[in-house]
Amino acid sequence: HQEWFNGKGYPEGLRGEEIPLGSRIVAVVNAWEAMLSDRPYRRALTRAGATAELQKGAGAQFDPKVVAAFLKAEAQVGHPA
């Protein structure tokens, strides 16, 4: 899940659909969880902030189709922002 959709990740520099779908999904879910968690060096983002970051990374770091599907599912859960 460290590969980037644009091929600039690691360890193999895979890009786009060369990256297994499961790994593309895990990358989005892992980033979401990390952004919504407090860390010793920063406070957690709001859901709106995390949403903006995923959208910003769609097409570069993340598969834009996975981001869109994830955000659609997340919106249906009805969590408060």
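Residues numbered from 1 in each chain as written. Predicted model: local features only at pLDDT ≥ 70, side-chain atom pairs only at ≥ 80, totals over all residues. Heavy atoms only, no water.

### Thoughts on the packing of aromatic side chains
Following the criterion strictly, the structure yields one aromatic pair and no others. Ring centres of Trp32 and Phe70 lie 5.2 Å apart, and the angle between their planes is 70°; on these two criteria the pair is classed as edge-to-face. One end of the pair, Trp32, is in helix H1 (residues 21–35); the other, Phe70, is in helix H3 (residues 64–77), and 38 residues separate them in sequence. (Phe/Tyr/Trp six-rings, centres within 6.5 Å; stacked < 30°, edge-to-face > 60°. Helix = DSSP H or I, 4+ residues; strand = E, 2+ residues; numbered from the N terminus.)

### A short note on the packing of H1 against helix H2 (residues 47–57)
Each pair of packed helices can be described by the angle between their axes along with the distance between the axes. Two numbers describe how H1 lies on H2: the axes approach to 10 Å, and their chain directions differ by 145°. For the pair H1 and H2, the sense of crossing is right-handed. Residues Val28, Ala31, Trp32 and Met35 of H1 touch H2, and the partners they reach there are Arg47, Ala50, Thr51, Glu53 and Leu54. The class makeup of the residues in the contact of H1 with H2 is six nonpolar, one polar and two charged. (Axes fitted to C-alpha atoms, helices over the stretch in contact; angles between N-to-C directions. Left-handed = near helix turned anticlockwise from the far one by under 90°. Contact = heavy atoms within 4.5 Å. Nonpolar A, V, L, I, M, F, W, Y, C, P; charged D, E, K, R; others polar.)

### Overview of H3
If you check H3, its first and last C-alpha atoms are 20 Å apart, about what 14 residues at 1.5 Å a residue would give, namely 20 Å. Those residues of H3 that fall on the buried side of the exposure criterion are Val66, Val67, Phe70, Leu71 and Glu74. In a view along the axis of H3, the buried residues occupy a sector of 125°, so they form one face of it. Residues of H3 that are exposed and point more than 90 degrees away from the buried face comprise Lys65, Lys72, Ala75 and Gln76. Tucked inside the fold, the buried residues of H3 contact H1 and H2. N-cap assignment for H3: the residue whose side-chain oxygen lies 2.8 Å from the backbone N of Lys65 is Asp63. (Expected span 1.5 Å × (residues − 1). Buried < 20%, exposed > 50% of the residue type's maximum accessible area, 1.4 Å probe, protein only. Arc of directions from axis to C-beta. Polar contact = N/O pair within 3.5 Å; in protein donor to acceptor, adjacent residues only side chain to side chain.)

### Focus: H2
Buried residues of H2: Ala50, Leu54 and Gly57, and no others. Buried positions in H2, seen along its axis, are confined to an arc of 70° and lie on one side of it. Of the surrounding secondary structure, the elements contacted by the buried residues of H2 are H1 and H3.

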